[in-house]
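Given next are the chains, with one letter for each unit.
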Amino acid sequence: MLALKHLLIVYHSQTGHTQAMAEAVLRGARSPEVEGVEVRMLRAGDAGAEDLLWADALILGTPENFGYMSGAVKDFLDRTYYSCEGKVESLPYAVFISAGNDGSGALGSIQRIARGYPLRVVQEPIIARGNTTDAILASCEELGMTMAAGLEMSVF
Ligand SMILES: Cc1cc2nc3c(=O)[nH]c(=O)nc-3n(C[C@H](O)[C@H](O)[C@H](O)COP(=O)(O)O)c2cc1C
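Rules of the game
Residues numbered from 1 in each chain as written. Predicted model: local features only at pLDDT ≥ 70, side-chain atom pairs only at ≥ 80, totals over all residues. Heavy atoms only, no water. Helix = DSSP H or I, 4+ residues; strand = E, 2+ residues; numbered from the N terminus. Rg over C-alpha atoms; globule rule 2.2 N^0.38 Å. Buried < 20%, exposed > 50% of the residue type's maximum accessible area, 1.4 Å probe, protein only. Contact = heavy atoms within 4.5 Å. Lys, Arg positive; Asp, Glu negative; His and termini not counted. Charge placed at Lys NZ, Arg CZ, Asp CG, Glu CD. Salt bridge = Lys/Arg side-chain N within 4 Å of Asp/Glu carboxyl O. Polar contact = N/O pair within 3.5 Å; in protein donor to acceptor, adjacent residues only side chain to side chain. Core = buried A, V, L, I, M, F, W, Y, C linked by side-chain atoms within 4.5 Å.

**Let's talk about the overall build of the protein chain**
Line of reasoning, step 1. When you go through the protein chain residue by residue, the secondary structure sums to five helices and seven strands.
Line of reasoning, step 2. The order of helices and strands in the protein chain, counted from the N terminus, is β-α-β-α-β-β-α-β-α-β-β-α.
Line of reasoning, step 3. Since a compact globule built from 156 residues should have a radius of gyration of about 15 Å, the 14 Å found for the protein chain is in line with a globular shape.
Line of reasoning, step 4. C-alpha atoms of the protein chain, sized along the principal axes, occupy 45 × 35 × 25 Å.
Line of reasoning, step 5. Expressed as a percentage of the 156 residues in the protein chain, the buried residues total 49%.
Line of reasoning, step 6. By sequence separation, contacts in the protein chain at least 24 residues apart represent 83% of the contacts at least 6 residues apart.
Line of reasoning, step 7. Across the protein chain, the centroid of the 12 positively charged side chains sits 5 Å from that of the 19 negatively charged ones.

**Some details on the side chain of glutamate 64**
Line of reasoning, step 1. With respect to the element layout, glutamate 64 can be found in strand S3 (residues 57-65).
Line of reasoning, step 2. Buried glutamate 64, no salt bridge; nearest opposite-charge side chain is arginine 129, N-O distance 7.6 Å.
Line of reasoning, step 3. A distance of 3.4 Å separates the side chain of glutamate 64 from the backbone nitrogen of serine 104, its partner in a polar contact.
Line of reasoning, step 4. The residues contacting glutamate 64, other than those within four sequence positions of it, are Ile97, Ser98, Ala99, Asp102, Gly103, Ser104, Gly105 and Ala106.

**Comments concerning the nonpolar core**
Line of reasoning, step 1. Formed by 29 residues in total, the largest nonpolar core has its most connected members in Leu8, Val10, Leu52, Leu58, Leu60, Phe76 and Leu119.
Line of reasoning, step 2. Where this core is concerned, the elements lending two or more residues are strand S1 (5-11), helix H2 (49-54), S3, helix H3 (71-84), strand S5 (91-99) and helix H4 (104-116).
Line of reasoning, step 3. Non-local contacts of phenylalanine 76, meaning those with residues more than four positions away in its chain, are made with Val10, Ala44, Ala47, Gly48, Leu52 and Leu60.
Line of reasoning, step 4. Core analysis: the next-biggest nonpolar cluster, separate from the first, contains 26 residues, Ile126, Ile136, Leu137 and Ala149 among them.

Shown next as structure tokens:
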């Protein structure tokens with residue numbers, strides 16, 4: 001039997017928008033069409049180095065706060081860096097962001113850290129500006145499914 005691949009979703013949300021996106025990503029990742037992938041979703045404050053070391057791919061979700069990723073997601077990356085240094089090289093990752101009206105600062109801040117970590121981006125970012133529309137949630141679901149299917153088929 002093939003070993004399960006591991007997909008980690010780490011997100012922060014204060015008022016629920018990023019949470020709704022995360023739940024859609026999780027739904028997609030757990031789609032019955034994908035087998036052989038175990039999915040773990042954690043809030044950033046509850047996630048640590050052992051989760052990242054477990055993961056074969058990472059999906060990060062954050063609101064944009066003051067033109068940056070949320071402090072909780074930054075804290076997750078800060079806390080895990082030394083324990084994971086050299087052990088998660090080129091881990092495939094993707095991002096979803098909820099922003100009032102922009103999102104580019106949150107995206108840029110994650111991309112900068114990902115380059116240093118280093119993580120390897122494998123999907124286009126999803127940025128919701130304002131309302132979390134059905135179209136955004138559908139894109140999030142597709143992101144989760146694509147990441148899980150990619151892991152299952154070892155395309156990353
Ligand atoms: C402290 C704070 C700072 C924010 N800064 C920005 C910002 O720089 N750019 C932006 O587009 N939205 C900004 N927003 C709006 C949030 O990104 C937006 O409301 C988002 O949907 C919140 O996601 P959540 O419901 O998952 O917490 C900010 C909100 C808060 C509370």
